[in-house]
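# What the coordinates show
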Amino acid sequence: MQLFYAPEITLPHYTLSEEESKHCVRVLRMEPGDELHITDGRGTMHRCKVVDANAKRCVVEVVESLHEYQKMDYELTIAIAPTKIIDRFEWFLEKSTEVGISEIYPIECDHSERRQLKLDREQKVVTSAVKQSLKAYHPLLHPLTSVRDVITMPFEGAKFIAHCNSELGEREYLGRLLKKGEKTLILIGPEGDFSEEEITFALENGFKAISLGKERLRTETAAVVATVVTSTINKL
């Protein structure tokens, strides 16, 4: 199954972008009549066949559309401080997309190691993971946002903050708090952890303090673990 991403797809015929046309015709060597799939990133998976195998403007015909294709039974939003080494943050984007995630907020914190982000580059990482893992839903990647803005934004669901400061009260393991099908928001801080002020502010705004186990985890590992735990609980 070859999957392409086209949020602006038109029916019944659609012309792939020049980059995608080149990949389809020259790399995959597709010919008229060959099948491929296109997702709009909003849950619809289109089964298509090649009509005109032009390397600059390949035209396909939509022959079947599957709506809400493999829709998740839950919604997960991860707010994470991007790492100093961008490859590690991109690894999280890739793996969380593969496992299943709805929205991602890169956040700027008091102890952040990275305060700038090339959103176009990171969008491409997410899109590539969508295509590789054959997803019909494209996670929404937000611009870099202040953690305090994320803490105070309207959110109807369970809200958690993962931190390591044992002096600020008990932290319960995430897996014991999650409820199947519940909309969930999880905050993951930078390598230096959230500041005491950020943690207190989150707790005052309805967040629950959580741990992700006894192991000491890097930022991107913690975020992937949170994603996997949430997915596992919802699939039990």
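All figures in this text were calculated on a predicted structure; none of them were measured in a lab.

We now examine the pairing of strand 10 (residues 158-162). Summarising burial for strand 10: five of the five residues are buried, a large majority. Of the two faces of strand 10, the one lined by Ala 158, Phe 160 and Ala 162 and the one lined by Lys 159 and Ile 161 are each fully buried. The pairing of strand 10 with strand 12 (residues 184-188) spans five bridges and is parallel. In the sheet register, Ile 161 faces strand 12, and the bridge partner there is Leu 187. Here strand 10 pairs with strand 13 (residues 208-211) via three bridges, running parallel. Considered in strand 13, the bridge of Ala 162 is made with Ile 210.

Here we come to the packing of aromatic side chains. In this structure the tally under the stated criterion is one aromatic pair. Taken together, a centroid distance of 6.2 Å and an interplanar angle of 40 degrees make the contact between Phe 89 and Phe 92 tilted. Highlighted residues: Phe 89 and Phe 92, both in helix 2 (residues 86-99), separated by three residues, approximately one helical turn.

With that settled, the discussion passes to helix 6 (residues 196-204). Buried within helix 6 are the following residues: Glu 198, Ile 199 and Ala 202. Each buried residue of helix 6 lies within a common arc of 100 degrees when the element is viewed along its axis, so the set occupies one face. Exposed and oriented more than 90 degrees from the buried face of helix 6 are Glu 197 and Glu 204. Close packing links the buried residues of helix 6 with helix 4 (147-152) and strand 10. Looking one or two places after helix 6, you find Gly 206, whose phi comes out positive at around 90 degrees.

Moving on, we get to the environment of Thr 44. Looking at where Thr 44 falls in the secondary structure, it is placed in the loop between strand 3 (35-39) and strand 4 (45-52). Relative accessible area serves as the criterion here: at 10%, Thr 44 is assigned to the buried category. Separated by 24 residues in the primary sequence, Thr 44 and Glu 68 have C-alpha atoms spaced 5.7 Å apart. Beyond its immediate chain neighbours, meaning those up to four positions away, Thr 44 contacts Ile 38, Thr 39, Ser 65, Leu 66, His 67 and Ala 136.

With that out of the way, let us pick up the side chain of His 37. With respect to the secondary-structure elements, His 37 resides in strand 3. Residue His 37 is classed as buried on the basis of its relative accessible area, which comes to 16%. If we skip the residues at most four places from it in the chain, His 37 touches Met 1, Gln 2, Leu 3, Phe 4, Met 45, His 46 and Arg 47.

Further remarks concern the pairing of strand 6 (residues 76-80). The buried fraction of strand 6 amounts to five of the five residues, a majority that puts the element mostly inside the structure. Residues Leu 76, Ile 78 and Ile 80 point to one face of strand 6 and Thr 77 and Ala 79 to the other, with burial holding for every one of them. Across five bridges, strand 6 lies against strand 12 in parallel orientation. The residue bridging Thr 77 from the neighbouring strand is Leu 185, located in strand 12. Bridge count between strand 6 and strand 7 (residues 103-108): four bridges; the pairing is parallel. Paired with Ile 78 across the two strands is Ile 104, which belongs to strand 7. Regarding the hand of the β-α-β motif, the stretch spanning strand 6, helix 2 and strand 7 is right-handed.

A few words on the packing of helix 2 against helix 3 (residues 119-132). Helices that pack against each other are described as a pair by the angle of their axes relative to one another and the distance between those axes. Close contact between helix 2 and helix 3 brings their axes to 8 Å; oriented N to C, the two are set at 35 degrees. The handedness of the crossing between helix 2 and helix 3 comes out as right-handed. On helix 3, the residues that touch Ile 86, Asp 87, Phe 89, Glu 90, Leu 93, Glu 94, Thr 97 and Glu 98 of helix 2 are Arg 121, Glu 122, Val 125, Val 126, Ala 129, Val 130 and Gln 132. Its residues assigned to classes, the contact of helix 2 with helix 3 comprises seven nonpolar, two polar and six charged.

Let us look at the pattern of salt bridges. Applying the stated criterion across every chain, the model contains 16 salt bridges. Among the ionic pairs, Asp 40 bridges to Arg 42, the shortest N-O distance being 3.7 Å. Judged by relative accessible area, Arg 42 falls into the exposed class, the value being 56%. When salt bridges that share partners are traced, they join Asp 87, Glu 90, Arg 121 and Glu 122 into one network.

Basis of the calculations
- Residues numbered from 1 in each chain as written.
- Predicted model: local features only at pLDDT ≥ 70, side-chain atom pairs only at ≥ 80, totals over all residues.
- Heavy atoms only, no water.
- Buried < 20%, exposed > 50% of the residue type's maximum accessible area, 1.4 Å probe, protein only.
- Helix = DSSP H or I, 4+ residues; strand = E, 2+ residues; numbered from the N terminus.
- Pairing = 2+ DSSP bridges.
- Phe/Tyr/Trp six-rings, centres within 6.5 Å; stacked < 30°, edge-to-face > 60°.
- Arc of directions from axis to C-beta.
- Contact = heavy atoms within 4.5 Å.
- Right-handed = clockwise from strand over helix to strand, strands pointing away.
- Axes fitted to C-alpha atoms, helices over the stretch in contact; angles between N-to-C directions.
- Left-handed = near helix turned anticlockwise from the far one by under 90°.
- Nonpolar A, V, L, I, M, F, W, Y, C, P; charged D, E, K, R; others polar.
- Salt bridge = Lys/Arg side-chain N within 4 Å of Asp/Glu carboxyl O.

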